[in-house]
Amino acid sequence: MQSLHLRHGAAEPAALSSNATLPPAPSCGAHDGITSDYDLKLHVAALFIILATSGAAAYGPLYFRRLIERQRRAILQGLVEAADEDAVKEAAAGGVRQALVKGLQWVLWAARHFGTGIIIGTAFIHLLPGAHEYLTNPCLPPFFTDDYPALPEAISMAAAFAIFAVDFGCQRSVDYLRARAIRKDAVFADMFESADAEAGESAEHALAAALAADRVHFRRQELLSILIVEAGICFHSLFIGLSLALTTGQEFTGLLIAIVFHQMFEGLAIGGRLATVNADTLTWRDGKLWLAATLYAATTPAGIAIGIAVRRDFDLGSAGALVLVGTFDSVSAGLLLYGGLVGLLSRDFHSGELKNAGGGICALAIALVAAGVLGRWA
């Protein structure tokens, strides 16, 4: 989605001759709000169009997960209840269900890694260039345009460092609680000291419980990374909705189409990740998954609603609005870069499902992530 060019006011300064003086900077803002030529019904319709598109994209992978779990239960039930005379029919039905489950799992797997590329591409292709445009607008004070033109990148870096500190603190807290729980288990103290069979069985049970705890710990880290990414996307989406609500004329239709596709790609990215997190401990009915998807789906429409409400008093070309939107875009870029590169991509390949995967599977995952360059046209 192309960023909005909010260069209201005077035109670019003319070329300077050797003895010419520098003209004053153009003033920010072109009007005192939108008072005419505003199609309220069209903007309200756009709100519901984007709500439906975002919801379908975010909920779709969760619905696929529901189908997978339903087919798995049908397969298990068929194996338990099958009679001898119906063995052939049950085997055929089970084969079809298994093929359906495998196909849906591949769809979710592809959406998961393609979404990682879209998340990273959104930060590099949309947010950072847009933030740079806002914060270096010629109507802003010289601090933004001349003294510190790299301010958007600095804000993104600070946001990435800050979210790293939060992530690190959360992981250390979880590690500490897990280690304290293990120390309290007397079985571990006797694991290598007791030679009787009962103690050995207890040790094996404790070891299995520890491995299960490790899996739950990894899933919690993954969920935290997804929430970091979603926070960045939601910040970004709120201002996308605000921009659309304050756009009128011929630009509105083109921007609406671009935002619809943009929301669809990002929704698939969020939904694909949510549909595969905590697969061992959560079901599709778990409210946390649907709440996270709903939060994403509602953010851009919420921005549109806010824009409609303040359209008479708010000017996206004002100095305050330029600094506000540019700052939040920079923060969002930092969150997405850390969450996408460290929390999702690195974790998938270093300690996740792709750690011991074959070369072909890894190459396919890398290709799907690299497809994030399509974000240029999203």
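Above this text is the structure in question.
Below, the structure is looked at part by part. As the structure is a prediction and not an experimental result, all values here were calculated from the model. (Residues numbered from 1 in each chain as written. Predicted model: local features only at pLDDT ≥ 70, side-chain atom pairs only at ≥ 80, totals over all residues. Heavy atoms only, no water.)

**Here's the deal with the overall build of the protein**
Scanning the protein for helices and strands turns up ten helices and zero strands. Starting at the N terminus, the α and β elements of the protein follow one another as α-α-α-α-α-α-α-α-α-α. A buried classification covers 43% of the 378 residues belonging to the protein. Sequence separation of at least 24 residues holds for 84% of the intrachain contacts in the protein that already meet a minimum separation of 6. Of the roughly 19600 Å² of accessible surface on the protein, a fraction of 65% belongs to carbon and sulfur atoms. (Helix = DSSP H or I, 4+ residues; strand = E, 2+ residues; numbered from the N terminus. Buried < 20%, exposed > 50% of the residue type's maximum accessible area, 1.4 Å probe, protein only. Contact = heavy atoms within 4.5 Å. Areas by Shrake-Rupley, 256 points an atom, 1.4 Å probe, with all protein chains shown as cover.)

**Here's the deal with the packing of aromatic side chains**
Under the defined criterion, the tally for this structure stands at nine aromatic pairs. Arranged with centres 5.5 Å apart and planes meeting at 45 degrees, the rings of tyrosine 59 and tryptophan 290 form a pair that is tilted. Here tryptophan 290 lies in helix H8 (residues 287-309) and tyrosine 59 lies in helix H1 (residues 40-81), a separation of 231 residues in the sequence. The exposure class of tryptophan 290 is partly exposed, given its relative accessible area of 24%. Ring centres of phenylalanine 164 and phenylalanine 168 lie 6.0 Å apart, and the angle between their planes is 25 degrees; on these two criteria the pair is classed as stacked. Of this pair, phenylalanine 164 and phenylalanine 168 both sit in helix H4 (residues 151-183), four residues apart, which is roughly one turn of that helix. Each member of the aromatic cluster is reached from another via a ring pair, and the members are Phe143, Phe144 and Tyr148. (Phe/Tyr/Trp six-rings, centres within 6.5 Å; stacked < 30°, edge-to-face > 60°.)

**Section: a nonpolar patch on the surface**
Residues Leu40, Val44, Phe48 and Leu51 make up a contiguous nonpolar surface patch of roughly 320 Å² in combined accessible area. Take leucine 51: it is sitting in helix H1. (Patch = residues over 30% accessible without salt bridge, like charges linked within 9 Å, V, L, I, M, F, W, Y side chains within 5 Å. Salt bridge = Lys/Arg side-chain N within 4 Å of Asp/Glu carboxyl O.)

**Notes on H8**
Over its 23 residues, H8 extends 31 Å from the first C-alpha to the last, a length consistent with the 33 Å expected when each residue adds 1.5 Å. Burial in H8 covers these residues: Leu289, Ala292, Ala293, Tyr296, Ala297, Thr299, Thr300, Pro301, Gly303, Ile304, Gly307 and Ile308. (Expected span 1.5 Å × (residues − 1).)

**Re the pattern of salt bridges**
One pass over the full model with this rule turns up two salt bridges. Of the charged contacts, one joins aspartate 348 and arginine 112 as a salt bridge, the two residues approaching to 2.9 Å between their closest N and O atoms. With aspartate 348 in helix H9 (residues 319-350) and arginine 112 in helix H2 (residues 87-135), this pair connects stretches of sequence that are 236 residues apart. Take arginine 112: its relative accessible area is 5%, and that puts it in the buried class.

**Thoughts on the side chain of serine 237**
Within the secondary structure, serine 237 sits in helix H6 (residues 197-245). Leaving out residues up to four positions away in the same chain, serine 237 has contacts with Gln263, Glu266, Tyr296, Thr299 and Thr300.

**Digging into H9**
Taking 1.5 Å per residue, 32 residues should reach 46 Å; H9 reaches 44 Å between its end C-alpha atoms and fits that length. Roughly 30 degrees is the biggest bend found in H9, and it falls at glycine 340. (Bend = angle between axes of the 7 residues up to and from the residue.)

**A look at the nonpolar core**
Judged by nonpolar contacts, the single largest core of 27 residues is most densely connected at Leu62, Ile119, Val229, Ile233, Leu274 and Leu336. Of all the elements in the fold, those that place two or more residues in this core are H1, H2, H6, helix H7 (250-274), H8 and H9. Among the elements that make up this core, the one with the highest residue count is H2 (seven residues). Leu47, Ile50, Leu244 and Phe252 belong to the second largest nonpolar core, which has 14 residues in total. (Core = buried A, V, L, I, M, F, W, Y, C linked by side-chain atoms within 4.5 Å.)

**What to know about the side chain of glutamine 263**
Inspection of the secondary structure puts glutamine 263 in helix H7. Contacts of glutamine 263, omitting those with residues within four sequence positions, involve Ile50, Ser54, Ala57, Ser237, Ile240, Tyr296 and Thr300.

**Regarding the environment of alanine 333**
Turning to its location among the elements, alanine 333 is positioned in helix H9. Classification of alanine 333 by relative accessible area gives buried; the value is 0%. When the C-alpha positions of alanine 333 and proline 152 are compared, they lie 9.3 Å apart, and in sequence the two are 181 residues distant. Those residues in contact with alanine 333 that lie beyond four places of it in its chain are Ala123, Leu127, Leu128 and Ser156.

**Digging into the packing of H7 against H8**
Look at H7 against H8: their axes get within 10 Å of each other, and the N-to-C directions meet at 170 degrees. Comparing the axis directions of H7 and H8 gives the class roughly antiparallel. For the pair H7 and H8, the crossing hand works out as right-handed. Contacts between H7 and H8 pair His262, Gln263, Glu266, Gly267 and Leu274 from the former with Leu289, Ala292, Ala293, Tyr296 and Thr300 from the latter. In terms of residue class, the contact of H7 with H8 is made up of five nonpolar, four polar and one charged. (Axes fitted to C-alpha atoms, helices over the stretch in contact; angles between N-to-C directions. Parallel < 35°, antiparallel > 145°, perpendicular 65-115°, else oblique. Left-handed = near helix turned anticlockwise from the far one by under 90°. Nonpolar A, V, L, I, M, F, W, Y, C, P; charged D, E, K, R; others polar.)

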